[in-house]
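# Geometric and topological summary
Listed here are the chains, written in short residue letters.
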Amino acid sequence: MRQIKFLILIYLLLLAGCASEVHQKIKLDIPAYSPINIQEFQEIILIPFIISSEKPGAASIPAAENVGEEEKEEEKEKEKEKKDEEEKQLAAAQKKIEPGLDAQAEVIKYFVTELSRKFKGQVRLEDRPLPSAELLHKPEYWQSLSPDSQATLIFTGHGRFQEEIRKAILYRSDLYRADQSEEDLFAPEKKLASRHVFTLELNVALIKPETGEVLLERNFKETKITPDLKYPARFALYELLQRVKLILFRQIFAEERPQERYLLLK
């Protein structure tokens, strides 16, 4: 009898505890909003992007690790003394960088592969690239290009891929490594270093050629910074395109992703 009363007491305490909670946090897979009903289309035509690429060079703009404006003034005098040495380091670093790649070909090849994996219909690649970025918003151009394509979607755009070497001022804490030597521990508080910087700017448009309407248009700007001056531009471009795809495909295909929501309790 005592055991039964004890269990009833525990049950009542639990109910009282639950009653004090006004909400409950839950996780749900919620699809992203998409302005495109991708199921309506049987074919996606990829028109090669207009991609300009810039050869690597030394930039005077500091990298992300650089110090603030006040500290920059303090470093100016030191930089004058080390100017010759920095220029030699930058010149040597640029010689180590691989030759420029065909960014336009790499971008379109990437999207052909990824769309073919995701889209259930046909994915077709046009040979001729987009003649001009201004044509994205010219309905008459797309109507004349494919007048009888009710179930076709155009995938194209323009952008820029830039590769450069930047000078950065690093603190000792930024340079810390578990295996650093005693000499590193007593090194100067600040140190000038070079950084390999890759930047991808991409404007992507999905167009319905039957009407020339731009159903979806997104602008992206992704950057990768690495201390590895020999880092291949092809690898960096692939990583940046992966970031773009994650956001873009989520919107095109209304992909689900886990999100937290709060359920109100009575």
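Scoring rules and cut-offs
Residues numbered from 1 in each chain as written. Predicted model: local features only at pLDDT ≥ 70, side-chain atom pairs only at ≥ 80, totals over all residues. Heavy atoms only, no water. Helix = DSSP H or I, 4+ residues; strand = E, 2+ residues; numbered from the N terminus. Contact = heavy atoms within 4.5 Å. Areas by Shrake-Rupley, 256 points an atom, 1.4 Å probe, with all protein chains shown as cover. Core = buried A, V, L, I, M, F, W, Y, C linked by side-chain atoms within 4.5 Å. Buried < 20%, exposed > 50% of the residue type's maximum accessible area, 1.4 Å probe, protein only. Axes fitted to C-alpha atoms, helices over the stretch in contact; angles between N-to-C directions. Parallel < 35°, antiparallel > 145°, perpendicular 65-115°, else oblique. Left-handed = near helix turned anticlockwise from the far one by under 90°. Nonpolar A, V, L, I, M, F, W, Y, C, P; charged D, E, K, R; others polar. Salt bridge = Lys/Arg side-chain N within 4 Å of Asp/Glu carboxyl O. pLDDT = per-residue confidence, 0-100. Phe/Tyr/Trp six-rings, centres within 6.5 Å; stacked < 30°, edge-to-face > 60°. Lys NZ or Arg CZ within 6 Å of the ring centre and 35° of its normal.

### Some details on the overall build of the chain
- A tally of helices and strands in the chain yields 7 helices and 9 strands.
- Taking the contacts inside the chain whose residues are at least 6 apart along the sequence as the reference set, 83% of them involve residues at least 24 apart.
- Of the accessible surface of the chain, which amounts to about 17,300 Å², a share of 52% is contributed by carbon and sulfur atoms.

### Considerations on the nonpolar core
- Membership of the largest hydrophobic core comes to 37 residues, with the highest contact counts inside it found for F49, F111, F155, F161, L202, L248 and I252.
- Looking at this core, the elements that each hand over two or more residues are β2 (43-46), α4 (103-118), β6 (152-171), β7 (190-208), β8 (213-226) and α7 (233-252).
- No other element matches α7, which puts 9 residues into this core.
- Not counting residues up to four positions away in its chain, the partners in contact with L202 are F49, I51, F111, H158, G159, R218, N219, F220, L241 and V244.
- Core analysis: the second largest hydrophobic core is formed by 8 residues, I45, L130, W142 and A205 among them.

### A closer look at the packing of α4 against α7
- The contact between α4 and α7 brings their axes to 11 Å, and the two run at 40°. One way to sum up the angle between α4 and α7 is to call them oblique. Read as a crossing pair, α4 and α7 show a hand that is right-handed. Between α4 and α7, the contacting residues are A103, E106, V107, Y110, F111, E114, L115 and K118 on the first element and R234, L237, Y238, L241, Q242, V244, K245, L248 and F249 on the second.
- Split by residue class, the contact of α4 with α7 holds 11 nonpolar, 1 polar and 5 charged.

### Looking at the pattern of salt bridges
- The final tally for this structure, using the stated rule, is 10 salt bridges.
- For E106, the salt bridge identified is with K109, shortest N-O distance 3.8 Å. Of this pair, E106 and K109 both sit in helix α4, 3 residues apart, which is roughly one turn of the helix.
- Between E201 and R160 there is a salt bridge, with its nearest N and O atoms 2.4 Å apart. One end of the pair, E201, is in strand β7; the other, R160, is in strand β6, with 41 residues separating them in the sequence.

### With respect to the confidence of the model for the chain
- Per-residue confidence for the chain gives a mean pLDDT of 76, with 57% of residues at or over 70.
- Low confidence marks residues 59-67, where pLDDT is under 50. Its contacts with residues over four positions away, or in another chain, come to 24 contacts.

### Let's talk about the packing of aromatic side chains
- Inspection of the entire model under this criterion finds 10 aromatic pairs.
- Measuring from centroid to centroid gives 5.5 Å for Y110 and F111, while their planes differ by 80°, and the two rings are edge-to-face. For the pair formed by Y110 and F111, the shared burial category is buried.
- Ring plane angle 15° and centroid distance 6.3 Å describe the contact between F161 and F198, whose orientation is recorded as stacked. In this pair, F161 sits in strand β6 while F198 sits in strand β7, placing the two residues 37 residues apart along the sequence. Both residues of the pair, F161 and F198, belong to the buried class.
- Site record: aromatic cluster; members linked through ring pairs are F49, Y110, F111, F155 and Y238.
- The positively charged end of K118 is found above the aromatic ring belonging to F253, 5.8 Å away from the centroid.
- Residue placement shows K224 over the ring face of Y231; its charged tip is 5.0 Å from the ring centre.

### Overview of the environment of K167
- In this fold, K167 is placed in strand β6.
- A relative accessible area of 31% places K167 in the partly exposed class.
- The sequence separation of K167 and L192 amounts to 25 residues, and the corresponding C-alpha distance is 6.8 Å.

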